[in-house]
Amino acid sequence: MTDTQSPAPPAPARRADSDPRRRPGRRKPPTRSWRDHPVRRLTPWLFLLAPLALLITFTYVPVGNMIYYSFTDWDGVSPDRNLVGLDNYTQLFTRPELFRVFFVSFYYLAASAVQIVIALYFATVLSFDLRLRNLFKGILFFPYLINGVAIGFVFLYFFQDGGTLDSVLSWFGVGGDHAWLGDPESANTSLAGVSVWRFTGLNFVLFLGAIQSIPGELYEAAQLDGASRWQQFRHIIAPSIRPVLSLSVILAISGSLAVFEIPYIMTGGATGTSTFVIQTVKLAFQFNKTGLASACAVVLLLIILVITWIQRRLVPDDKVDLV
């Protein structure tokens, strides 16, 4: 017997727009990206919160207190702080013995120029392929790693009468003991020489890092053109390290005005070797004139800022494109 029942008709295809999940009014809202989250905008400030707090606490707050103390007669111990206006600054600029110590800084400024020249020379020479150049790099940088107090005591025996320097000079027929730290001229010259020995390594490392960052293709092109070492230094190295050289000049000037460690340990500021910082420390802790010492510190800070601003205006830090 044949099956007379007709097959069921196929179910009509569901329209795409009939699916409730696909209706425009019921679309799933897009997921919000982390880039648009408000917390993400605060993330850099959260990382800067700790260093900014330390900077404000240990830099700007003490500077503000120092400026306030410079207008008082505070002795550093008493709770009484009477405002005296500009009296401390008037004393500073009207008493020659307080401002005369700035002339000692010229010895260290000349020494800074010498150490920059020496450091630039050795950085240029040792940037090329030479034998034992790593050994010489370590020898030049090693003095900067020694503690300043230790350096002061070592050179104190080095310059004493009949000490190491006199013994070495006697080998070359230069007899007689010389008081290297006995008169102002020789004492300041000797102390400035110690600063050259100590800080040449810092400038050497700065210059060497800047020179080694120069692309090697420039040296190859210069050699193909027949350029000498001096021409490579003049046209390739010198323009490339100009920002670092400018930084070294700023550090040299500020360091020359703020010398303290070496002369204080070796002479204590005697025989005309007292610097502006040594005088400021003595005013604050030896003579209990914290207000006047604060005025000296404020003046020193302003002088360094003005010199730095002038130097940056005369030698702007322009970007150099050598490629």
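The coordinates are above.
In this report, the structure presented in the accompanying data block is examined. The structure presented is a predicted model; accordingly, all values stated were derived computationally and were not measured.

**A look at the overall build of the protein**
For the protein, the count of helices and strands is 14 helices and zero strands. Each helix (α) and strand (β) of the protein, taken in turn from the N terminus, gives the series α-α-α-α-α-α-α-α-α-α-α-α-α-α.

**A few points about the packing of aromatic side chains**
Counted according to the given criterion, the structure contains 14 aromatic pairs. Both rings, one in Tyr121 and one in Phe122, keep their centres 5.3 Å apart while their planes meet at 75 degrees; by these two values the pair is edge-to-face. Judged by its relative accessible area of 52%, Tyr121 is exposed. Judged by relative accessible area, Phe122 falls into the partly exposed class, the value being 32%. Between Phe155 and Trp197, the ring centres sit 5.2 Å apart and the planes meet at 65 degrees, which makes this aromatic pair edge-to-face. Taken as a pair, Phe155 in helix 6 (residues 148–158) and Trp197 in helix 8 (residues 184–212) lie far apart in primary sequence, 42 residues in all. Accessibility expressed as a relative area gives 38% for Trp197, which makes it partly exposed.

**Here's the deal with the packing of helix 13 (residues 276–285) against helix 14 (residues 290–314)**
At a minimum axis distance of 7 Å, the contact between helix 13 and helix 14 shows a crossing angle of 155 degrees. By the angle between their axes, helix 13 is roughly antiparallel relative to helix 14. Seen from above, helix 13 lies across helix 14 with left-handed handedness. Residues Phe276, Val277, Thr280, Leu283 and Ala284 of helix 13 touch helix 14, and the partners they reach there are Thr290, Leu292, Ala293, Cys296, Ala297 and Leu300. Each residue belonging to the contact of helix 13 with helix 14 can be placed in one class, and the counts come to nine nonpolar, two polar and no charged.

**Describing the environment of Gln231**
Mapped onto the secondary structure, Gln231 falls in helix 10 (residues 229–240). Discounting residues that sit within four places of it in the chain, Gln231 has contacts with Gly226 and Ile236. A distance of 3.0 Å separates a polar atom in the side chain of Gln231 from the backbone nitrogen of Ser228.

**So, the pattern of salt bridges**
Taken as a whole and judged by the stated rule, the model has two salt bridges. For the salt bridge of Glu97 with Arg95, the shortest nitrogen-to-oxygen distance reads 3.0 Å. Using a relative accessible area of 27% as the deciding quantity, one classes Arg95 as partly exposed. The shortest N-O distance in the salt bridge between Arg198 and Glu261 comes to 2.6 Å. In this pair, Arg198 is assigned in helix 8 and Glu261 in helix 12 (residues 261–266), connecting sequence segments 63 residues apart. For Glu261, a relative accessible area of 31% puts it in the partly exposed group.

Criteria and thresholds
- Residues numbered from 1 in each chain as written.
- Predicted model: local features only at pLDDT ≥ 70, side-chain atom pairs only at ≥ 80, totals over all residues.
- Heavy atoms only, no water.
- Helix = DSSP H or I, 4+ residues; strand = E, 2+ residues; numbered from the N terminus.
- Phe/Tyr/Trp six-rings, centres within 6.5 Å; stacked < 30°, edge-to-face > 60°.
- Buried < 20%, exposed > 50% of the residue type's maximum accessible area, 1.4 Å probe, protein only.
- Axes fitted to C-alpha atoms, helices over the stretch in contact; angles between N-to-C directions.
- Parallel < 35°, antiparallel > 145°, perpendicular 65-115°, else oblique.
- Left-handed = near helix turned anticlockwise from the far one by under 90°.
- Contact = heavy atoms within 4.5 Å.
- Nonpolar A, V, L, I, M, F, W, Y, C, P; charged D, E, K, R; others polar.
- Polar contact = N/O pair within 3.5 Å; in protein donor to acceptor, adjacent residues only side chain to side chain.
- Salt bridge = Lys/Arg side-chain N within 4 Å of Asp/Glu carboxyl O.

None of the figures reported here should be taken as evidence of function without further support.
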